[in-house]
Protein chains: 2
Amino acid sequence: MFNKNITIGILGGGQLGKMTLDVANKWGLKVNILDADINCPSSKFCNNFIQGDLMDYNSVMNFGNDVDIITIEIENVNVQALKDLEKKGKIVFPQPGIIETIQDKSLQKKFYLENEIPTSSFQIFKNITELKSFIISNKISFPFIWKASKMGYDGFGVKKVSNIEEVNQLKDCHCIIEELVDIKKELAVMVISSKSGEIKNYHTVEMEFNKNSNQVEYILSPANISEKLSLEAENLAVDLAKKLKIVGLLAVEMFLNSEGEILVNEVAPRPHNSYHFSIEGSYTSQFEQLLRSILGIPLGSTKTIQNSVMVNLVGDDGYSGPASYNHFDQIIGIEGVNPHIYGKFETRPNRKMGHVTIINRDLNKAKEIAKKIKETVTINSKK
Amino acid sequence: MFNKNITIGILGGGQLGKMTLDVANKWGLKVNILDADINCPSSKFCNNFIQGDLMDYNSVMNFGNDVDIITIEIENVNVQALKDLEKKGKIVFPQPGIIETIQDKSLQKKFYLENEIPTSSFQIFKNITELKSFIISNKISFPFIWKASKMGYDGFGVKKVSNIEEVNQLKDCHCIIEELVDIKKELAVMVISSKSGEIKNYHTVEMEFNKNSNQVEYILSPANISEKLSLEAENLAVDLAKKLKIVGLLAVEMFLNSEGEILVNEVAPRPHNSYHFSIEGSYTSQFEQLLRSILGIPLGSTKTIQNSVMVNLVGDDGYSGPASYNHFDQIIGIEGVNPHIYGKFETRPNRKMGHVTIINRDLNKAKEIAKKIKETVTINSKK
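Residues numbered from 1 in each chain as written. Chains lettered and ligands numbered in written order. Predicted model: local features only at pLDDT ≥ 70, side-chain atom pairs only at ≥ 80, totals over all residues. Heavy atoms only, no water.

## Observations regarding the packing of aromatic side chains
Step number 1: Summed over all chains, the structure comprises eight aromatic pairs over all chains.
Step number 2: Centroid distance Tyr202 of chain B to Tyr275 of chain B: 5.4 Å. Interplanar angle 40°. Geometry classified as tilted. Taken together, the positions of Tyr202 of chain B in the loop between β11 (199-201) and β12 (205-209) and Tyr275 of chain B in the loop between β15 (262-268) and α9 (278-281) put the pair 73 residues apart, joining distant regions of the chain. Both residues of the pair, Tyr202 of chain B and Tyr275 of chain B, belong to the buried class.
Step number 3: Among the aromatic residues, those joined into a ring-pair cluster are Tyr202, Tyr275 and Phe277 of chain A.
Step number 4: The ring of Tyr218 of chain A is capped by Lys367 of chain A, whose NZ or CZ atom sits 4.9 Å from the centre of that ring. (Phe/Tyr/Trp six-rings, centres within 6.5 Å; stacked < 30°, edge-to-face > 60°. Helix = DSSP H or I, 4+ residues; strand = E, 2+ residues; numbered from the N terminus. Buried < 20%, exposed > 50% of the residue type's maximum accessible area, 1.4 Å probe, protein only. Lys NZ or Arg CZ within 6 Å of the ring centre and 35° of its normal.)

So this is what it looks like as structure tokens:
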């Protein structure tokens, strides 16, 4: 495994790439990074940084030719290039076909339906014109959730739609609409699968969203639900990973509805914001598990070391420009507080600039500290 | 603290520098590194790497002029340059005068004597000729421990001397000789001090040495001694740090003799091999504490998360050349096993190439796993 002659290539150099590099560097592994932005969080910490568009066939092909094992930290990548690299004998995990299914929400939804994975009901539309014709002929009623099939992230490309005016504001693209779920809680489970067939999962966590930005604000580990529900979510996630036959990480986001049913919302075949806590809170971090799974070595223990709450640090409203991080000195002395700053040069409203994991035996205490951090720390472009 | 306009400079780019960079990079801090070896473990992971001799006045001055805060990861540095940088308004921690005392074992010993710090009795000699004249006139009797006053490390520059033939093989330099201590255990305590006066210590750990190489092989956290002795060692270390008035880290190595007395052996004003376990085993790692103390922000909790054993991975006997790391796949699946590979290009007999920290509630179980790792993993230059 610590073979100096193996080079890993990661498509994407954001914070997920950076935190994967932290483990790779701890292990003395060679990792190359491809990203369009030379100032991305990972560019300084890798063996070789290559600037290039992840959606561009030639960029991905050229990058892949120089490495032995290829993985991703974002699903919006050129899949055809990955398929062709696989044909040329490169190891590509997760498998390109699975990335292709997941990067299109309409294909994801179809997969759930065909494989008896519980999910909210949905309809697929080629464009807004087709969607409108269904509304006009009363085949669909308001309100509903609209999602662009491709390229959505962090709440972009997702909207609750209540009337025809709001339909007119939607982007004209291939899309799905989903029935509204009466959401009691949002949950996530991370599954790790190896080529050898080894499969492990972390325990269920709970995601609390910011109501304004529709972004995850807090992650509670473990989720504040019954052991039975927690296990049900874990079994569902593992079942889905097995049906996908994925090698690598699979983050499964789920809804717990008011009737106590668990429905799969969507998945990501890579490290996920909801498991950042695993760096400090678990025996093995999700980033280490990614490396273990693609290297084909035994997976690490997914057991918890301590309860934790993760709070995302996003750019303040009203500021775009060189980032300034403020008031950390007021929270850094609290026991169990672990800040992570991604090193993005510019802040923007709601841009993920870092996170803090608070470990504490008492989850409520950890949540209190997380709230205090959210109220104290600011990220803006003030001098 | 996360002020982008502050640059930290570290003298030395070995594994201690690299593990400090891990925290700095997690926090988005800018760190420059000075080291003579462009292939040193830290060169790829810092903001700016400068190649230069740490003992050379001009190298250190030039390096220091471009940063705001200067610290060390090795005590063999040009102290005059650090003093002059301090005069020019740079922040230098630990203070140059303290580094000067510590880098000379004869000055260290005098300091202990003058400050009533228990230590083994000793004598200082300008050179081997002077030492021999004392032996000839029967003022000294065999056996004794000989130490070069300066530039010793990892068992080099330290010898047990039993007869005049062995004296003739010693390096001719300023030296000390110490009476033999009937060592029951070797202990260490890490103390962290801030400019504000805040002072914290980790619990006492136990060092087990390899009898052939005289290098630390295992660290047991906590030490397998009574609570009373553990506290005594901690109080002694804190007392010493206070008397030195150091800002930064102070690793205090101690002997527990057969009469149950604790004697200070020597100290290091920097991160230390004996506290590597704190990365996984403690709320706050020693490397994070170093950054906290020199940045002047509150220190982190030194509390233990879980018991641990650290095992050093050194180059196999008989091999020098490009390093190959073998059989890790056989131990990587064991719960709580955390390998660190420093990324040194060449292995040499007994060269520190990495370490593994095993966390486990049961310290005996952790020790068993550590022994298995020592027996399994090899580091050599075989193809």
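Once you've had a look at it, read on.
## Examining the sheet that holds strand β7 (residues 144-148) of chain A
All names here are of chain A.
Step number 1: Strand order across the open sheet formed by four strands is β6-β9-β7-β8, with antiparallel pairing between neighbours. Each edge of the open sheet is held by one strand with a lone partner, namely β6 (122-125) and β8 (158-161). Taken pair by pair, the neighbouring strands of this sheet meet at an average axis angle of 25°, ignoring direction.
Step number 2: Relative to β8, β7 runs antiparallel, the two sharing four bridges. Residue pairing in the sheet places Ile145 in a bridge with Lys160 of β8.
Step number 3: Sheet strands touched by helix α5 (residues 105-114): β6, β7, β8 and β9 (175-178). Its angle to β6, the strand with the most contacts, is close to 140°. (Pairing = 2+ DSSP bridges. Axes fitted to C-alpha atoms, helices over the stretch in contact; angles between N-to-C directions. Contact = heavy atoms within 4.5 Å.)

## Quick notes on the side chain of Glu186 of chain B
Residues and elements named next belong to chain B.
Step number 1: On the secondary structure map, Glu186 appears in strand β10 (residues 183-193).
Step number 2: Within the buried set, Glu186 has no salt-bridge partner at all; the shortest N-O distance to an opposite charge, 8.5 Å, is to Lys147.
Step number 3: Those residues in contact with Glu186 that sit more than four places away from it in its chain are Val205, Glu206, Met207, Phe209, Met254 and Phe255. (Lys, Arg positive; Asp, Glu negative; His and termini not counted. Salt bridge = Lys/Arg side-chain N within 4 Å of Asp/Glu carboxyl O.)

## Things to note about the interface of chain B and chain A
Step number 1: Tallying the contact residues gives 37 residues for chain B and 37 residues for chain A.
Step number 2: Roughly 3,500 Å² is buried in total at the junction of chain B and chain A, and carbon and sulfur atoms are behind 55% of that figure.
Step number 3: In this assembly, chain B and chain A are joined by two salt bridges.
Step number 4: Where Glu335 of chain A meets Lys303 of chain B, a salt bridge forms, and the shortest distance between an N and an O atom there is 2.9 Å.
Step number 5: In this structure, the connection of chain B to chain A is made through 16 residue pairs in polar contact (both at pLDDT 80 or more).
Step number 6: For the side of chain B that touches chain A, the elements supplying multiple residues, two or more each, are α1 (15-26) and β19 (337-341) of chain B.
Step number 7: The biggest single contributor to the side of chain B that touches chain A is β19 of chain B, with five residues.
Step number 8: Split by residue class, the side of chain B that touches chain A holds 17 nonpolar, ten polar and ten charged. (Buried area = accessible area lost by both parts, 1.4 Å probe. Polar contact = N/O pair within 3.5 Å; in protein donor to acceptor, adjacent residues only side chain to side chain. Nonpolar A, V, L, I, M, F, W, Y, C, P; charged D, E, K, R; others polar.)

## Section: unusual backbone geometry
Step number 1: Looking along the chain, the bond that leaves Ser221 of chain A and enters Pro222 of chain A is cis, with omega of 0°.
Step number 2: Within the secondary structure, Pro222 of chain A is located in the loop between β13 (216-221) and α8 (227-244).
Step number 3: Phi is positive for Glu116 of chain B, close to 55°, though the residue is something other than glycine.
Step number 4: By secondary structure assignment, the location of Glu116 of chain B is in the loop between α5 (105-114) and β6 (122-125).

## Structural notes on the sheet that holds strand β4 (residues 69-72) of chain B
Step number 1: If you walk across this open sheet you meet the five strands as β3-β2-β1-β4-β5 (chain B), and the pairing is parallel. On the outer flanks of this sheet lie β3 (48-51) and β5 (91-92) of chain B, each paired with one strand and no other.

## Section: the packing of helix α1 (residues 15-26) of chain A against helix α10 (residues 286-295) of chain A
For any two helices packed against each other, one specifies the inter-axial angle together with the distance between the axes.
Residues and elements named next belong to chain A.
Step number 1: The contact between α1 and α10 brings their axes to 8 Å, and the two run at 70°. Regarding the angle of α1 to α10, the classification is roughly perpendicular. Seen along the crossing, α1 lies across α10 with a hand that is right-handed. Two secondary-structure elements touch here, α1 through Leu16, Met19, Thr20, Val23, Ala24 and Lys26 and α10 through Phe287, Glu288, Leu290 and Leu291. (Parallel < 35°, antiparallel > 145°, perpendicular 65-115°, else oblique. Left-handed = near helix turned anticlockwise from the far one by under 90°.)

## Notes on the packing of helix α2 (residues 57-65) of chain A against helix α3 (residues 79-87) of chain A
All names here are of chain A.
Step number 1: Where α2 meets α3, the axes come as close as 8 Å, and the angle between the chain directions of the two elements is 30°. Handedness of the crossing formed by α2 with α3: right-handed. Two secondary-structure elements touch here, α2 through Tyr57, Val60, Met61, Gly64 and Asn65 and α3 through Gln80, Ala81, Leu82, Asp84 and Leu85.
Step number 2: Of the residues contributing to the contact of α2 with α3, the split by class is six nonpolar, three polar and one charged.

## Points about the pattern of salt bridges
Step number 1: If you walk through the whole model with that rule in mind, you get 30 salt bridges over all chains.
Step number 2: The closest approach of N and O atoms between Glu208 of chain A and Lys367 of chain A, which form a salt bridge, is 2.9 Å. On the criterion of sequence distance, the pair formed by Glu208 of chain A in strand β12 (residues 205-209) and Lys367 of chain A in helix α11 (residues 363-376) is long-range, its members being 159 residues apart.
Step number 3: Classification of Lys367 of chain A as buried rests on a relative accessible area of 15%.
Step number 4: One salt bridge in this structure joins Glu178 of chain B and Lys147 of chain B, with 3.2 Å as the shortest N-O distance. With Glu178 of chain B in strand β9 (residues 175-178) and Lys147 of chain B in strand β7 (residues 144-148), this pair connects stretches of sequence that are 31 residues apart. For the pair shown, Glu178 of chain B and Lys147 of chain B are each scored as buried.
Step number 5: Residues participating in the shared-partner salt-bridge network are Lys105, Lys109, Lys147, Glu178 and Glu266 of chain A.

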